[in-house]
Amino acid sequence: MEGRSLLRFLFLLLSVVVLLVITWVRLPHAPLSTASLLDCTLYSGWCSSKNRLQATPHLLQNPQHHTRRNHDADVPHHPLDPLTVRELNDVRAILSSHPRFKSSYALHSVVLDEPDKPLVLRWKKGDPLLPRKASVIALVDGRSHVLTVDLTSKRVTRHEISSSSGYPVMTIDDMTTATVAPLADANFNRTIIERGIDLADLACLPISSGWFGKAEEKRRIIKVQCYSMKDTANFYMRPIEGLTVLLDMDTKEVVEISDQGRNVPIPKAGNTDYRYSAMEPNREMKLLNPISIEQPKGPSFTIEDGHWVKWANWEFHLKPDPRSGVIVSRAMIRDPETGNPRNVMYKGLTSELFVPYMDPTDAWYFKTYMDAGEYGFGLQAMPLDPLNDCPRNAYYMDGVFAAADGMPYVRSNMVCVFERYAGDIGWRHSESPITGMGIREVRPKVTLVVRMAASVANYDYIVDWEFQTDGLIRVKVGLSGILMVKGTPYENMNQVNKEDNLYGTLLSENVIGVIHDHYVTFYLDMDVDGPDNSFVKVDLRRQMTAAGESPRTSYLKATRHVAKTEKDAQIQLKLYEPSEFHVVNPSKLTRVGNPVGYKVVPGGTAANLMDHEDPPQKRGAFTNNQIWVTPYNRSEQWAGGSFVYQSQGEDTLAVWSDRDRAIENKDIVAWYTLGFHHIPCQEDFPIMPTVSASFDLKPVNFFESNPILRIPPNVEADLPVCKPAASA
Ligand SMILES: *[C@@H]1O[C@H](CO)[C@@H](O)[C@H](O)[C@H]1NC(C)=O
Ligand SMILES: *[C@@H]1O[C@H](CO)[C@@H](O)[C@H](O)[C@H]1NC(C)=O
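Each chain carries its own residue numbering, running from 1 in the written order of its sequence. Key to labels: chains lettered from A, ligands numbered from 1, both in the order written. Under the rules for a predicted model, residues below a pLDDT of 70 receive no local features and side-chain atom pairs below 80 are neither given nor counted, while totals for whole chains, interfaces and linings still include all residues. The side-chain values count all of the structure's non-hydrogen atoms but skip hydrogen atoms and water molecules.

Moving on to the packing of aromatic side chains. Two rings belonging to Phe, Tyr or Trp (six-membered ring only in the last case) form a pair when the distance between their centres is within 6.5 Å. Interplanar angles under 30 degrees mark stacking, angles over 60 mark edge-to-face geometry, and anything in between is tilted. A full pass over the atoms with the stated rule returns 24 aromatic pairs. By the ring-pair criterion, three or more aromatic residues cluster together here, those being Tyr357, Trp364, Tyr369 and Tyr375. We call a charge positioned above a ring when the Lys NZ or Arg CZ atom is no farther than 6 Å from the ring centre and deviates by at most 35 degrees from the ring normal. Across the ring face of Phe702, the terminal group of Arg342 is positioned such that the distance to the ring centre comes to 3.8 Å. For the cation-ring pair, Lys367 lies above Trp364, with the distance from its terminal atom to the ring centre recorded as 3.5 Å.

In structure tokens:
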């Protein structure tokens, strides 16, 4: 009974419930092109929310009108479409009759084995589908097996045992069983009870242990730390400080209990809850009136065959992925002059995350998470909350994944796609009255956003791929969720001596928010007008004029450097030695002779300052530079290595790049790392307001001229809907 009530509240329960979600009844394809989202006409002026719900309920994703999709009959249409429920079932059946899978095994990854890039590039809609294969990673007797399952011949066509130091992404089962395993140990129970905590109030987290060269070898281990959930849903704010259980993940055996910090009180539960239902009404702040986007003629995008997104001048393939979250492939933009689609990016995805905490003490030093390769960034993506995670006009896409036993399951509403009009300006110019011309030309900026949000235990990551009609792609990462905090005897800063190192900020009585970094590394296989591209660093430097040359003594001059090999493209950003980073197609020039290109435009970011010899940093060495460029190699997609869990860092982007291979006029992949330093502050308690940072992929001499010159401005008659009540 006690065990059951414990389980009921464990943080992973949500994931488990979601895993078991039965498939939903819904139209398999999105009839977005013709459907009118709202039934508001030019003449009605007003529209009530009642109208909206009656208009096209299948498109409205509010909780009352939640429609569900059935994926049992899904069939693949495009060579990059993810494995369907039927295909996953086939994989399971094929493996279960394979001699190596007679004993117990766990499938840690079952995804489409994407056909070779040239085949995909040649494939056109209407062609026969390319042969379907599954790429499988299974753990059998403690070893990682890598298999290819051919779904046509129904045979295993490749079978290798990995020699990597690391292990595959944990399964949800690994995480769930780890959180309850310490209860099998009487010493664990005793220390919990001695600390005055009821075992029924325990919530435990599975914490990847990193690699520090001793206990972490030759077996899969995990560390478990626990919290008290008494009187709050936000158990993260009530750490049982200093208690760390080292577990063997496969045998579930408790290897070691580090029982320190008994002098540290459990922080109080008061003011930690963040659920709306648990809040007193806010009388101090004037609440906002409802707001939403109206699309009187319906959305402007379509999603063909489940995964092919078409919007304005863009088209691309979109799919959920258990490891990276979402994968954007075959991104093409239509040229405004020729009308032809032009290749921009073959594939873009979140390759790895690295989250080192900055506290070297016993219960904290190992917290150096790699959320994609250890936890599965997509596996941790929970269903999005309609109207709040994404606006009303959003379309939702489900993920179809395989559980550890190979059973397919549906992660509903995992990704949303919507058009955004945030009141921004696409371009503008108005003429001063002195010209007497009376010109005022402005174009509104409407964009298309693809969004997913992963909740990796306490933290939430929001990843947006935003497409603009001017050709720009903005990749934005938002951080929210709950801090990982440390218990402390201190209740006020006046108790803290100068020489005490808190490793963070006192956020509340007995609660320290520990300093940490977040790095999110993106894989960007750019194919600018074709696969063969070059990476060009355009340096902007101060140039001094010669004596008597000019009244000026200095100006800035741009100099282009084409990277010959990988090491030429290991880039650390420098504010006072600025550069642009172009991916160009050297064999395709514009009318006036510039190579067509796209540039990687960094935004606010943070550099990794850790010692390169620090064990976590060896594993996280892919964050040593902000930009890298490698030659395309289909086995180099995961910046921290294919097998990240407990890996020793021998298979990272940094290792590949140090091979210094030729990258000029070749099929190349750019990598960009977005970084955040986080010194927590009181506003982050008990849950963090979102902080965001982004980078852009921006056309540079890609178009002959402004590609959105001919888009029309907004006029009143096009926007008849919903007068604002207060100002009407
Ligand atoms: C520890 O406590 C749990 C919950 O009460 C119980 O199920 C378990 O059997 C206990 N473990 C031991 C070794 O007594
Ligand atoms: C492709 O990547 C794998 C893994 O890093 C490596 O072993 C192989 O040598 C690479 N091939 C080339 C041509 O660089």
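Strand order across the open sheet formed by four strands is β1-β2-β3-β4, with antiparallel pairing between neighbours. Whereas interior strands pair on both sides, the edge strands pair on one side only; in this sheet they are β1 (105–112) and β4 (155–161). Neighbouring strand axes in the sheet, compared pairwise and without regard to direction, differ in orientation by 20° on average. For strand β2 (residues 133–140) and strand β3 (residues 143–150), the ladder comprises eight bridges, and the chain directions are antiparallel. Of the residues in β3, the one forming a bridge with Leu139 is Ser144. With respect to the sheet, helix α4 (residues 85–96) is in contact with β1, β2, β3 and β4, its orientation differing from that of β3 by roughly 115°. Two strands pair under a simple rule: DSSP has to find at least two bridges between them. Numbering of helices and strands starts at the N terminus; helices are DSSP runs of H or I of at least 4 residues and strands are runs of E of at least 2. To define axes, lines are fitted to C-alpha atoms, for helices over the stretch in contact only, and angles between the resulting N-to-C directions are given on a 0 to 180 degree scale. Contact definition: two residues touch when any of their heavy atoms are within 4.5 Å.

Strand order in this open sheet of three strands is β20-β22-β21, and the pairing throughout is antiparallel. The two strands at the open ends of the sheet, each matched to only one other strand, are β20 (485–487) and β21 (504–508). Across the sheet, the mean angle separating the axes of adjacent strands is 40° when strand polarity is ignored. Taken together, the four bridges between β21 and strand β22 (residues 511–514) define a ladder with antiparallel strand orientation. Bridged to Thr505 within β22 is Gly513.

Another point: the pairing of strand β23 (residues 516–526). Think of it in three bands: with a 1.4 Å probe and only protein chains considered, a residue is buried below 20% of the maximum accessible area for its type, exposed above 50%, and partly exposed in between. Of all eleven residues making up β23, eleven are buried, and the element is well covered by its neighbours. Neither face of β23 is exposed, since His516, His518, Val520, Phe522, Leu524 and Met526 on one face and Asp517, Tyr519, Thr521, Tyr523 and Asp525 on the opposite face are all buried. Of the strand pairs in this sheet, strand β13 (residues 341–356) and β23 are connected by eight bridges, and their pairing is antiparallel. Paired with Leu349 across the strands is Tyr523, a residue of β23. As defined by bridge partners, β23 adjoins strand β29 (residues 666–678) across nine bridges and the pair is classed as antiparallel. Paired with Leu524 across the bridge in β29 is Ala670.

A few words now on the nonpolar core. Counting 120 residues, the largest nonpolar core has Leu318, Trp465, Phe467, Leu524 and Phe535 as its most contacted members. Discounting residues that sit within four places of it in the chain, Leu524 has contacts with Met345, Lys347, Trp465, Val669, Ala670, Tyr672, Phe695 and Leu697. By convention a nonpolar core is built from buried Ala, Val, Leu, Ile, Met, Phe, Trp, Tyr and Cys residues, the set being connected through side-chain atoms within 4.5 Å. Of all hydrophobic cores here, the second largest spans 21 residues; its members include Leu88, Leu95, Ala134 and Val140.

Glancing now at the site of ligand 2. One heavy atom within 4 Å of a molecule or strand makes the whole residue count as near it. Asn633, Ser635, Glu636, Trp656, Arg659 and Arg661 make up every residue found near ligand 2. Within the side chain of Glu636, an N or O atom sits 2.8 Å from an oxygen atom of ligand 2. Its free accessible area being 360 Å², ligand 2 has 46% of it covered by the protein chains. Of the residues belonging to the shell around ligand 2, the class tally is one nonpolar, two polar and three charged. Polar contact criterion, stated in full: a pair of N or O atoms within 3.5 Å, where within protein one must be able to donate a hydrogen and the other to accept it, and residues adjacent in sequence count only if both atoms are side-chain atoms. In short, Shrake-Rupley with a 1.4 Å probe defines the accessible areas, and a residue's cover is counted only from the protein chains shown. When residues are grouped by polarity, Ala, Val, Leu, Ile, Met, Phe, Trp, Tyr, Cys and Pro land in nonpolar, Asp, Glu, Lys and Arg in charged, and all others, Gly among them, in polar.

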